[in-house]
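These are the residues of each chain, in order.
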Amino acid sequence: MLLSILVWSAFVLAAIPAVLFAINVFLYQRPGAVSPSQRVPVSILIPARDEERTIERCVEAALRSRNVDLEVIVLDDHSVDRTAAIVKQQAARDARVRLESAPPLPPGWCGKQFACSVLASLARNQTLCFIDADVRLSPDGLARMVSEMQARDAALISGFPWQETHTALEQLLLPLMHFLLLGFLPILGMRRSVHPSFGAGCGQIFVADRAAYFLAGGHAAIKNSRHDGITLPRAFRRAGLMTDLCDATPAASCRMYMDSREVWQGLLKNATEGIASPSRIIPFSFLLVLGQVMPVVLFTYFWSKSASPHLALFSGLAVLLSYS
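On a predicted model such as this, the values are computed, not experimentally measured, just so you know. (Residues numbered from 1 in each chain as written. Predicted model: local features only at pLDDT ≥ 70, side-chain atom pairs only at ≥ 80, totals over all residues. Heavy atoms only, no water.)

Caption draft 1: Fine view of the pairing of strand β3 (residues 97–101). The pairing of strand β2 (residues 68–76) with β3 spans 5 bridges and is parallel. From the neighbouring strand, Asp76 faces β3, where its bridge partner is Ser101. With helix α3 (residues 83–93) bridging β2 and the parallel β3, this β-α-β connection has right-handed handedness. (Pairing = 2+ DSSP bridges. Helix = DSSP H or I, 4+ residues; strand = E, 2+ residues; numbered from the N terminus. Right-handed = clockwise from strand over helix to strand, strands pointing away.)

Printed below as a string of structure tokens:
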């Protein structure tokens, strides 16, 4: 009886994300092409703390953006490396680049959220694009993201850039971001409702309408959060504003982590808020184990024992649903 319950539970919990993933694949689309005549003023906003490894390439890639009129603002967040010096040199070569210094961090704020809030207050343009310092925009990526946001009639749009992976641990774990997004977020529901529970995004890149951003409270509304990928879209939705997602792989690329230690540290940090509430980590992990790990365990058991062909069949189907 217990084995039957486990098999059917594993089958159902493997089938739900598999079916949702199959539907979402057709809805999670790349941003469309833009007309060369369309030029939107955009402020590219980059919070940077000790980013000397990546900031130069990030800014240079941003400056190559086409079909937009842009300013690039880098907020040096009390770096102790050469971040500020590098950006200062870039600003001397290109008037579109501005280097600003972050004020002291107020109590109750997460550093990144405060930096983004300061950047938004410094921006001059109506469209805001927040990117991390390790993100490199493609030449037409920003224009495509802005165009997609307008086509979707959204106040905020986000998506996962192309994730550069070199180590085995990166290649094993980083694809889980897309699995969680496409396997557990009903994109149809997201596009039909502004309910905050449908809010999701990727903190590596956000494009937002400036007026809507301040109406939603901006990053001040999530000032103590460490995971703006979830909390910022939900702040917009609480204000009655629509948010959306697109496949941002042609728009930008990102090398999140440089080695296995950084992978573990980053994923552990994101796990605390990546499903919107730390209190949900244990039950959510239980469901993932039951739907993604248990089918393999059960199928291996029935196959080795040559027992219960009926249960063996459904545990095998659960394996196919989990890993197809």
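Caption draft 2: Just the packing of aromatic side chains, in detail. Counted according to the given criterion, the structure contains 3 aromatic pairs. These aromatic residues form a ring-pair network of at least three members: Phe130, Tyr213 and Phe214. (Phe/Tyr/Trp six-rings, centres within 6.5 Å; stacked < 30°, edge-to-face > 60°.)

Caption draft 3: Region of the structure containing the pattern of salt bridges. Tallying each qualifying case throughout the model produces 14 salt bridges. Note that Asp244 and Arg191 form a salt bridge whose closest N and O atoms lie 3.0 Å from each other. Separated by 53 residues along the polypeptide, Asp244 in strand β9 (residues 243–245) and Arg191 in helix α8 (residues 187–192) bring together distant segments of the chain. Arg191 gets classed as partly exposed once you look at its relative accessible area, which sits at 22%. What you see here is one network of salt bridges that share partners, running through Glu71, Arg98, Glu100 and Arg124. (Salt bridge = Lys/Arg side-chain N within 4 Å of Asp/Glu carboxyl O. Buried < 20%, exposed > 50% of the residue type's maximum accessible area, 1.4 Å probe, protein only.)

Caption draft 4: The packing of helix α2 (residues 55–63) against α3, seen in detail. Where α2 contacts α3, the axes come no closer than 9 Å and their chain directions differ by 25°. Relative to α3, the element α2 lies roughly parallel. Where α2 crosses over α3, the handedness of that crossing is right-handed. Note on element contacts: α3 touches α2 through Thr83, Ile86, Val87, Gln90 and Arg93, opposite Ile55, Glu56, Val59 and Glu60. For the contact of α2 with α3, the per-class residue count stands at 4 nonpolar, 2 polar and 3 charged. (Axes fitted to C-alpha atoms, helices over the stretch in contact; angles between N-to-C directions. Parallel < 35°, antiparallel > 145°, perpendicular 65-115°, else oblique. Left-handed = near helix turned anticlockwise from the far one by under 90°. Contact = heavy atoms within 4.5 Å. Nonpolar A, V, L, I, M, F, W, Y, C, P; charged D, E, K, R; others polar.)

Caption draft 5: The arrangement of the packing of helix α1 (residues 2–24) against helix α13 (residues 309–323) in detail. It is the contact of α1 with α13, at a shortest axis distance of 8 Å, that shows an interaxial angle of 25°. Regarding the angle of α1 to α13, the classification is roughly parallel. By crossing handedness, the relation of α1 to α13 is classed as left-handed. Residues Ser4, Val7, Trp8, Ala10, Phe11, Ala14, Ala15 and Ala18 of α1 form the contact with α13, whose participating residues are His310, Leu311, Phe314, Ser315, Leu317, Ala318, Leu321 and Ser322. Its residues placed into classes, the contact of α1 with α13 shows 12 nonpolar, 4 polar and no charged.

Caption draft 6: Summary view of the sheet that holds strand β5 (residues 135–137). Strand order in the open sheet made by the 3 strands is β5-β10-β7, with mixed pairing throughout. Edge positions in the sheet fall to β5 and β7 (162–163), since each of these pairs with one other strand and no more. Where β5 and strand β10 (residues 252–254) come together, 3 bridges link them in antiparallel fashion. By the bridge assignment for β10, Arg136 is matched with Ser253.

Caption draft 7: Spotlight on α1. Taking 1.5 Å of rise per residue, 23 residues should cover 33 Å, and α1 covers 33 Å from first to last C-alpha, within 8% of that figure. What α1 keeps buried is the set Val7, Ala10, Phe11, Ala14, Ala15, Pro17, Ala18, Leu20 and Asn24. (Expected span 1.5 Å × (residues − 1).)

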